[in-house]
Amino acid sequence: MQQQTIETLRQALQESALPFAQQEPLASHTTFQIGGPAVFWCTPKNADQLRRTLALCRANGVRTYLLGNGSNTLFADEGYDGAVIDLRGLNFGPTAEPQPDGSTCLTAGAGLTLGRLCAVAQQQSLAGIAFACGIPGTIGGAVYMNAGAYGGEMKDVLESVTFLDSDLTERTLPAAELALGYRTSLFEQHPDWCVLSATVRLQPGDSTAILAEMQDYLQRRKDKQPMEWPSAGSTFKRPQGAFAGKLIEDCGLRGFTVGGAQISEKHCGFVINRGGATCADVVSLTDQVKAIVLQKTGYTLEREIRVVK
């Protein structure tokens, strides 16, 4: 980015009293703990600040990247030559609205964590979202990729989503119109759209039973996944008719290492940062794993993590 553009945007953000920083290390904001600095790091606290921040970036020709909890993102070692927009400030709710059929709709901001949403649902004896209790992401990210675990997906409970469209106009669409599929949604087709909030419809349940279900899911994660190491969760999408981790294991790649990146010895579906791993290490490792798995099994693996350069 040209220095003149940097200075112009800096002044515009300051004059508009919009919160931002410069040269912010992105490794500090991702679960992989990898990534160079962002030229601009913007932290809007509400939808109005978000809209104005995006408008100024677009007016100055500065590209933007929307970030939640950074749990599925791998930033380049060189950093991001643009503005990373931290959406965690949009963390209002969840607010409850009982429905005539006995269900309850919970609405929450895009920056609220799934863990918090699940905790509130359990406290209010609302069932249906427990599957998400251990997913380390925000509601916005979960909508974007139709996050799921243990047989449940966001599309199972999602009622509607409010967002800013390409013109920065606020719109709301029902879940049925969001093309929700396996780890994808309409938002992936429109990366300039920005989730503001989401509403889920949950059913009445027993709070004790829901808590036990959540604890079971969390214990399973602890037992089977390498939670003691920085990672971005499942590295590859599940190929049709198989499981990525099993394919990688069957190819003898448990513990396979490139630089500081390693196929977890605990769960082959995870790439972990053993210390000092770079984006280049992870990309090289995953590319090699994809090639070996294709050669030995015929399956083509697709990265689930987003590599941002």
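Quick note: structure is the one above.
Residues numbered from 1 in each chain as written. Predicted model: local features only at pLDDT ≥ 70, side-chain atom pairs only at ≥ 80, totals over all residues. Heavy atoms only, no water.

### Some details on the pattern of salt bridges
- Applying the stated rule across the entire model yields 15 salt bridges.
- For arginine 171, the salt bridge is made with aspartate 165, and the minimal N-O distance between the two is 3.8 Å.
- The class for aspartate 165 is buried, based on a relative accessible area of 9%.
- Note that glutamate 249 is salt-bridged to arginine 254, the shortest N-O span being 2.7 Å.
- According to the relative accessible area criterion, glutamate 249 is partly exposed, its value standing at 37%. (Salt bridge = Lys/Arg side-chain N within 4 Å of Asp/Glu carboxyl O. Buried < 20%, exposed > 50% of the residue type's maximum accessible area, 1.4 Å probe, protein only.)

### Examining the packing of aromatic side chains
- Counting across every chain of the model gives eight aromatic pairs.
- Aromatic pair tyrosine 65 and phenylalanine 75: ring centres 5.5 Å apart, planes at 75°, arrangement edge-to-face. Placement of the pair is tyrosine 65 in strand β3 (residues 64-67) and phenylalanine 75 in strand β4 (residues 73-75), with a sequence separation of ten residues.
- With a relative accessible area of 0%, phenylalanine 75 lands in the buried category.
- Relative to tryptophan 193, the ring of phenylalanine 163 lies with its centre 4.7 Å away and its plane at 20°, an arrangement referred to as stacked. In this pair, phenylalanine 163 sits in strand β11 (residues 158-164) while tryptophan 193 sits in the loop between α5 (186-189) and β13 (194-204), placing the two residues 30 residues apart along the sequence. Accessibility classification places phenylalanine 163 together with tryptophan 193 in one group, the buried group. (Phe/Tyr/Trp six-rings, centres within 6.5 Å; stacked < 30°, edge-to-face > 60°. Helix = DSSP H or I, 4+ residues; strand = E, 2+ residues; numbered from the N terminus.)

### Re the side chain of glutamine 225
- One can find glutamine 225 in the loop between α6 (207-224) and β14 (231-234).
- In this structure glutamine 225 comes out as buried when scored by relative accessible area, which is 16%.
- For glutamine 225, the contacting residues outside a window of four places in its chain are Tyr150, Arg220, Lys266, His267 and Phe270. (Contact = heavy atoms within 4.5 Å.)

### Examining the sheet that holds strand β16 (residues 261-263)
- Taken in spatial order, the four strands of this open sheet run β14-β17-β16-β15, and their pairing is antiparallel. The sheet is open, and its two borders are formed by β14 and β15 (257-258), each paired with just one other strand.
- Where β15 lies against β16, two bridges are found, and the strand directions are antiparallel. The partner of threonine 257 across the bridge, within β16, is glutamine 262.
- On the sheet, helix α8 (residues 279-297) packs against β15, β16 and β17 (270-273) and is oriented at approximately 30° with respect to β16. (Pairing = 2+ DSSP bridges. Axes fitted to C-alpha atoms, helices over the stretch in contact; angles between N-to-C directions.)

### Quick word on the environment of arginine 171
- Its location among the elements puts arginine 171 in strand β12 (residues 170-174).
- Classification of arginine 171 as partly exposed rests on a relative accessible area of 32%.
- The residues contacting arginine 171, other than those within four sequence positions of it, are Val161, Thr162, Phe163, Asp165 and Trp193.

### Section: the packing of helix α3 (residues 114-123) against α6
- Taken N-terminus to C-terminus, the directions of α3 and α6 make an angle of 150°; their axes are 8 Å apart at the nearest point. When the axes of α3 and α6 are compared, the pair comes out roughly antiparallel. Every residue of α6 that contacts α3 at Cys118, Ala119 and Gln122 is listed here: Ser207, Ile210, Leu211 and Met214.
- In terms of residue class, the contact of α3 with α6 is built from five nonpolar, two polar and no charged. (Parallel < 35°, antiparallel > 145°, perpendicular 65-115°, else oblique. Nonpolar A, V, L, I, M, F, W, Y, C, P; charged D, E, K, R; others polar.)

### Some details on α8
- With 19 residues, α8 extends 26 Å from end C-alpha to end C-alpha; this agrees with the ideal 27 Å at 1.5 Å per step.
- Taken together, the buried positions of α8 are Cys279, Asp281, Val282, Val283, Leu285, Thr286, Val289 and Val293.
- Close packing links the buried residues of α8 with β4, α7 (244-250), β15, β16, β17 and β18 (306-308).
- Immediately downstream of α8, the backbone of glycine 298 shows phi near 85°, a positive value. (Expected span 1.5 Å × (residues − 1).)

### Observations concerning the environment of glutamine 22
- Mapped onto the fold, glutamine 22 is located in strand β1 (residues 20-25).
- Judged by relative accessible area, glutamine 22 falls into the partly exposed class, the value being 35%.
- In this structure, the C-alpha to C-alpha distance between glutamine 22 and glycine 151, residues 129 residues apart in sequence, is 41 Å.

### Overview of the packing of helix α1 (residues 3-15) against helix α2 (residues 47-59)
- Closest axis-to-axis distance for the α1/α2 pair is 10 Å, and the angle between their directions is 155°. On the basis of the axis angle, α1 is roughly antiparallel to α2. In this structure, the crossing between α1 and α2 has a hand that is right-handed. In this structure, α1 contributes Leu9, Ala12 and Leu13 to the contact, and α2 contributes Thr53, Leu56 and Cys57.
- Of the residues belonging to the contact of α1 with α2, the class tally is five nonpolar, one polar and no charged. (Left-handed = near helix turned anticlockwise from the far one by under 90°.)

### Here's the deal with α3
- Within α3 the residues assigned to the buried category are Leu114, Leu117, Cys118, Val120, Ala121 and Gln122.
- Among the structural elements, β7 (104-109), β8 (126-127), α4 (139-145), β13 and α6 are those in contact with the buried residues of α3.
- Backbone geometry just downstream of α3 places serine 125 in the positive-phi region, at approximately 60°.

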